[in-house]
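Each chain, letter by letter, is given below.
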Amino acid sequence: MKDETPARAKSAEPQPEPHLDTSGDSDEPAFSWLNPAGKGSGPAAGSSASPAAPSPADSPAAASSTAGGGSTVNGPIQPESRADRKAAEAAAEAPGEDSSPVFKEPLPTSALQVRPPEEEVERRNAQRESAANAKPVAPRVMQVLLAVFFPLVLLILAVRAVTSPLFLWVEYNRPGFPGDGYGFSTDDRMTYGSYAVDYLSNWSGPRYLGDLVHRSGDKLFKDGEVSHMADVKLVILSTFGAGVLLVLFSIVAILYLRKRSTGGVRRGLFAGSIVTLVIILGLGTLAVLGWQQFFTEFHRIFFADGSWTFSLDDTLIRLFPGQFWIDAGMVIAGLVLLVSLVTLVLTWPTRRRRGLAKDAAAPAAVEE
């Protein structure tokens, strides 16, 4: 009976009701032994707990402290806070030698940025805008050279067309061309005139004309005539050589502009055609107003005074009378005028051509 009384007293002691409300519970594990191995702290994480060791929940001190402390959670007291466990986990997960380095973003500098004065800011913005809007110099230079070379090339080509046997044949056989009052027939003019024209474009010396004789046995050309034709040959060959160089330079300019400047060839030829029209119209006006004065001043530019005047019975005058030079000037002006007008029409900056140039320039700007 003595042994049953304490047992009844213990059994009569009221037991706390279990707490079933889980709304206030956290997601943390209730027991430290639920943590993964190596991530916990304290003796529970370092070594395996003994199976015979009593849990804190079974001890009377834990129960009395829970009941006396007025805790609303009916369970064991957490051995450590969440911050401590996070620190332990971070220490356990520190990268070793074989782990990849952790990227750490550098902290922004704390130095104060000093803004330059407004004048300096405006100057820099103006320079930046000017550099962005500035166009390369080389394409503009090539356009100017193409515009300058174009009329010169046309004039030289037209002169070359006139200094040919074909033009002689057309002149001597056209209606209205004055005949020779000293006995040259059309066939004689064509034969002797072809010698004179061929001499201007070949590499023969003055003997090419000086050794020619008439049917009567007299020299066909006098010494003064041969000397003047030698001077003319020097001017003609120099002009043709310059024309070849200008053609080569023009081709180089065209190839460069086609590659570097969209629409640059069209703009260069358009400007060149305008320059050509201005030159031809100006020279044509001077020639119409005073042909004899124009012819005289033209010869004074290239030849010495007295070396290009001859009598009416000299061979050069009989082969190439004044009408011949008038017709030659008209043919040269007509050819240059025709080609320049066609070029002007083909390169006129219409809305369609400007639109094509802009569309072609847009992909190039995107690629850059």
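Reading the values: rules and limits
- Residues numbered from 1 in each chain as written.
- Predicted model: local features only at pLDDT ≥ 70, side-chain atom pairs only at ≥ 80, totals over all residues.
- Heavy atoms only, no water.
- Phe/Tyr/Trp six-rings, centres within 6.5 Å; stacked < 30°, edge-to-face > 60°.
- Helix = DSSP H or I, 4+ residues; strand = E, 2+ residues; numbered from the N terminus.
- Core = buried A, V, L, I, M, F, W, Y, C linked by side-chain atoms within 4.5 Å.
- Buried < 20%, exposed > 50% of the residue type's maximum accessible area, 1.4 Å probe, protein only.
- Contact = heavy atoms within 4.5 Å.
- Expected span 1.5 Å × (residues − 1).
- UniProt positions renumbered as here; feature names shortened; annotations may be inferred.

Quick notes on the packing of aromatic side chains
Consideration 1: For the structure shown, the criterion picks out 15 aromatic pairs.
Consideration 2: Between Tyr-195 and Tyr-208, the ring centres sit 6.0 Å apart and the planes meet at 55 degrees, which makes this aromatic pair tilted. One end of the pair, Tyr-195, is in helix α8 (residues 186-201); the other, Tyr-208, is in helix α9 (residues 207-210), with 13 residues separating them in the sequence.
Consideration 3: A centroid spacing of 6.2 Å and a plane angle of 45 degrees characterise the contact between Phe-295 and Trp-325, whose relative ring orientation is tilted.

What about the nonpolar core?
Consideration 1: Counting residues in hydrophobic clusters, the biggest one holds 42 residues, and the most contacted among them are Leu-168, Tyr-172, Leu-209, Phe-221, Met-229, Leu-319 and Phe-320.
Consideration 2: Counting only elements with at least two residues in this core, the list comes to α6 (137-162), α7 (165-173), α8, α10 (223-260), α11 (264-289), α13 (315-319) and α14 (322-346).
Consideration 3: Looking at this core, the element that brings in the most residues is α6, giving eight residues.
Consideration 4: What Leu-319 contacts, discounting residues up to four positions off in sequence, is Tyr-172, Phe-184, Arg-189, Tyr-192, Gly-193 and Phe-221.

Comments concerning α14
Consideration 1: Over its 25 residues, α14 extends 37 Å from the first C-alpha to the last, a length consistent with the 36 Å expected when each residue adds 1.5 Å.
Consideration 2: Listed as buried for α14 are Phe-324, Asp-327, Ala-328, Ile-332, Val-336, Ser-340, Thr-343 and Leu-344.
Consideration 3: Packing partners of the buried residues in α14 comprise α6, α7 and α11.

As for the UniProt feature "transmembrane region" (unreviewed entry) in the protein chain
Consideration 1: Listed under "transmembrane region" (unreviewed entry) in the UniProt record, and renumbered for this structure, are residues 144-170, 234-257, 269-291 and 324-348.
Consideration 2: Between the end C-alpha atoms of residues 144-170 the distance is 37 Å, and the span holds 93% helix and 0% strand.
Consideration 3: As a span, residues 324-348 carries 92% helix and 0% strand, and end to end its C-alpha atoms are 36 Å apart.

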